[in-house]
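Architecture at a glance
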Amino acid sequence: MQSDEYSQAVFCLDGCVMDIQYWLKNISDFLVSAGVPAEHGSMAALALVYLALTFLSLLVVVLLLRRNLRSRGADAGVPVAQEPAVEESAETEAGAEPEEATVESASEEEVPSTEEAESAAAEAVEPVRVEPEVEEPVSLFQRMKHGLAKTRSSLVGRMDALVGSHARLDEAFLEEMEEVLITADFGMKATQDLVQALTGRLKEIDQQDGQGQLHKILGEEIRARLKTGGQEWIFPQSGPLVIMVVGVNGVGKTTTIGKMAKQFADQGKKVVLGAGDTFRAAAAEQLEVWGKRAGAEVIRHTEGSDPGAVAFDAVKAAVARKADVLILDTAGRLHTKINLMEELKKVRRVVEREVPGAPHETLLVLDATTGQNALIQAKMFQDAVEVSGIALTKLDGTAKGGIVVAISSQLDLPVKLIGVGEGVADLRPFDADEFVAALFANN
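This section reports on the structure supplied with the text. (Residues numbered from 1 in each chain as written. Predicted model: local features only at pLDDT ≥ 70, side-chain atom pairs only at ≥ 80, totals over all residues. Heavy atoms only, no water.)

Taken together, the side chains of Leu53, Phe55, Leu56, Leu59 and Leu63 make up a nonpolar region of the molecular surface, amounting to roughly 510 Å² of accessible area. For Leu53, the location among the structural elements is in helix α2 (residues 41–76). (Patch = residues over 30% accessible without salt bridge, like charges linked within 9 Å, V, L, I, M, F, W, Y side chains within 5 Å. Areas by Shrake-Rupley, 256 points an atom, 1.4 Å probe, with all protein chains shown as cover. Salt bridge = Lys/Arg side-chain N within 4 Å of Asp/Glu carboxyl O. Helix = DSSP H or I, 4+ residues; strand = E, 2+ residues; numbered from the N terminus.)

Following this line, the structure appears as structure tokens:
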């Protein structure tokens, strides 16, 4: 009997093997006819069968996982209130009359059990509401302090380490201090002036409190070299305040204009924006987005239009609508391109012809992360369009905030605005006292 079962099993196994060989041969022949070399036909057939079985296995696993997830979701979603209905239907099927079930149910409701009473009492208790904590608004000084964190760490942190590593504040200390200032992008002229001033005041520093006293002295010397005045916008007696914004590509001109427009609008001013950057793709669309946020009208032409024509229409619209402020965007350009700088001069002439005395402000936007290259840009733009003020952006993204001191000490230009963050409120009017206080603030 056992030998018969063994023979039958062997026969079945042989049959399966023959079937597999048959299908593998058919698949191999098909692959050879499709272009697979004959010597690789069998191997290719085995690989194809293996891939098919693997795919089917993965498909089965995925289906099982989905089924398991659905069953869990169904179990979690069954409401407890449905249980009495299930019991009632079960009783009805068992032969109980509906009237008796109703009376029985009513009696149960009239005389609730102890557990049900406790449950009802627990539900009747009003849950305690936890009031969310109201976050205190971040002060303007805290914004400035946070924006200058990288510069403070680079300058003040290295300076404190320098004081701690020197037994005496002598010439060797001053040489290393000069290197720290240059690294923080104070520029050669400002650095030499500061080191010379520190040389004459070293005797005021007590070694026991060298860090604090050095902070105080260096802060005073930096403050003395920061150009004051020019923080407030001076509105003309009649007509709009016209602000022309210039700068190279990528410094954040359009974003700066949008933040300025929102700040003016929050002050109750009527703002018109001129989309004079007609060469950069989607520049006008970006300005329109900011215009909607600020509730400002945007005057624009088609892409590639004459920027002078856009400036002309923007001035006419601002005067006709009795706007308080007109801000003109311009195309970004390298300060070394003479023909493009001449185009800026043309835009300025158009504005001046339509509104005497305009533009009242020519704001040069500089990227603080470019360091000393910003000084070169400022000189070139100042010669071309009579820059009246600087907007220094991305100050929070650099450890070289000394560029503010370099601009003030080397150029006769006020820093009117600084960007210390992404928010609208992070575009700040520059305040020299606040800048120095935030730079040397304790962490």
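Okay, the packing of aromatic side chains next. Inspection of every chain in the model, using the stated rule, returns three aromatic pairs. Summarising the aromatic geometry, the rings of Phe235 and Phe264 are spaced 6.3 Å apart at their centres and angled 85° between planes, so their arrangement reads as edge-to-face. Within this pair, whereas Phe235 is found in the loop between α10 (210–224) and β1 (241–246), its partner Phe264 is found in helix α11 (residues 253–266), the two being separated by 29 residues in sequence. Classification of Phe235 by relative accessible area gives partly exposed; the value is 33%. An aromatic cluster is built from Trp233, Phe235 and Phe264, whose rings are joined through pairwise contacts. The ring of Trp233 has Lys416 sitting right over it, with the charged end atom 4.7 Å from the ring centre. (Phe/Tyr/Trp six-rings, centres within 6.5 Å; stacked < 30°, edge-to-face > 60°. Buried < 20%, exposed > 50% of the residue type's maximum accessible area, 1.4 Å probe, protein only. Lys NZ or Arg CZ within 6 Å of the ring centre and 35° of its normal.)

Another aspect to go through is the sheet that holds strand β4 (residues 325–330). An order of β3-β2-β4-β1-β5-β6-β7-β8 is seen for the eight strands of this open sheet, with the pairing classed as mixed. This sheet does not close on itself; its edge strands, each paired only once, are β3 (297–299) and β8 (427–429). Mean inter-strand twist for the sheet, computed between neighbouring axes without regard to direction, equals 25°. In this sheet, β8 lies alongside strand β7 (residues 415–419) in antiparallel orientation, the contact comprising three bridges. Opposite Gly419, over in β8, you have Leu427 as the bridge partner. Across the sheet, helix α12 (residues 283–294) is in contact with β2 (271–276), β3 and β4; its angle to β2 comes to roughly 170°. (Pairing = 2+ DSSP bridges. Axes fitted to C-alpha atoms, helices over the stretch in contact; angles between N-to-C directions. Contact = heavy atoms within 4.5 Å.)

What follows is about the pattern of salt bridges. Counted under the stated rule, the structure contains 22 salt bridges. A salt bridge links Asp193 to Lys189; its shortest N-O distance comes to 3.4 Å. Taken together, the residues Asp193 and Lys189, both in helix α9 (residues 188–201) and four residues apart, mark about one turn of the helix. Looking at Asp193, the relative accessible area reads 26%, which means it is partly exposed. Note that Arg201 and Glu204 form a salt bridge whose closest N and O atoms lie 3.2 Å from each other. The structure contains a network of salt bridges with shared partners spanning Arg201, Glu204, Lys216, Glu220, Glu221 and Arg225.

This part covers the packing of α10 against helix α17 (residues 432–439). Relative orientation of the contacting elements α10 and α17 amounts to 150°, with a least axis distance of 10 Å. With respect to α17, the axis of α10 lies roughly antiparallel. Considering how the two elements wind past one another, α10 and α17 form a crossing that is right-handed. Contact residues: α10 offers Gly219, Ile222 and Arg223, while α17 offers Ala432, Asp433, Val436 and Leu439. Looking at the contact of α10 with α17, its residues break down into four nonpolar, one polar and two charged. (Parallel < 35°, antiparallel > 145°, perpendicular 65-115°, else oblique. Left-handed = near helix turned anticlockwise from the far one by under 90°. Nonpolar A, V, L, I, M, F, W, Y, C, P; charged D, E, K, R; others polar.)

Here the focus is the nonpolar core. Within the largest apolar cluster, 100 residues are counted, with the highest numbers of intra-cluster contacts made by Ile222 and Phe435. Leaving out residues up to four positions away in the same chain, Ile222 has contacts with Phe186, Leu194, Val405, Val436, Leu439 and Phe440. (Core = buried A, V, L, I, M, F, W, Y, C linked by side-chain atoms within 4.5 Å.)

Here we take up the side chain of Glu221. Among the secondary structure elements, Glu221 is positioned in helix α10. Take Glu221: its relative accessible area is 13%, and that puts it in the buried class.

Another aspect to go through is the environment of His146. With respect to the helices, strands and loops of the structure, His146 is situated in helix α6 (residues 140–147). Along the sequence, His146 and Leu439 sit 293 residues apart, while their C-alpha atoms lie 9.7 Å from each other.

A few words now on the pairing of β7. The side chains of a regular strand alternate, residue by residue, between the two faces of the sheet. The element β7 is extensively covered by neighbouring structure, given that five of its five residues are classed as buried. Taken together, the three bridges between strand β6 (residues 389–393) and β7 define a ladder with parallel strand orientation. Considered in β7, the bridge of Ala391 is made with Leu417. Traced from β6 through helix α16 (residues 403–410) to β7, the parallel crossover comes out right-handed. (Right-handed = clockwise from strand over helix to strand, strands pointing away.)

In this section: unusual backbone geometry. Residue Pro359 is reached from Ala358 by a cis peptide bond, and omega for that bond is -5°. Counting through the fold element by element, Pro359 comes out in the loop between α14 (338–354) and β5 (361–367). Positive phi outside glycine occurs at Lys394, with the angle close to 60°. The residue Lys394 is located in the loop between β6 and α16 in this model. Here Lys394 falls in the partly exposed class, since its relative accessible area comes to 33%.

Between its terminal C-alpha atoms α10 stretches 21 Å, which fits the 21 Å expected from 15 residues at 1.5 Å a residue. Residues of α10 that are buried: Gly210, Leu214, His215, Ile217, Leu218, Gly219, Glu221 and Ile222. (Expected span 1.5 Å × (residues − 1).)

Attention shifts here to a negative patch on the surface. A cluster of like negative charges, contributed by Glu171, Glu175, Glu176 and Glu179, occupies part of the molecular surface. Assignment of secondary structure puts Glu179 in helix α8 (residues 171–183). A residue is classified by how much of its surface remains accessible, and Glu179, at 49% relative accessible area, is partly exposed. (Lys, Arg positive; Asp, Glu negative; His and termini not counted. Charge placed at Lys NZ, Arg CZ, Asp CG, Glu CD.)

Right, let's talk about the pairing of β2 for a bit. In terms of burial, β2 is largely enclosed, as six of its six residues are buried. Looking at chain direction, β2 and β4 are connected through six bridges and run parallel. When the sheet's bridge partners are listed, Gly274 is paired in β4 with Leu328. Here β2 pairs with β3 via three bridges, running parallel. In the strand pairing of β3, Val272 is matched with Glu297. Between β2 and its parallel partner β3, the chain crosses via α12, and the hand of that crossover is right-handed.

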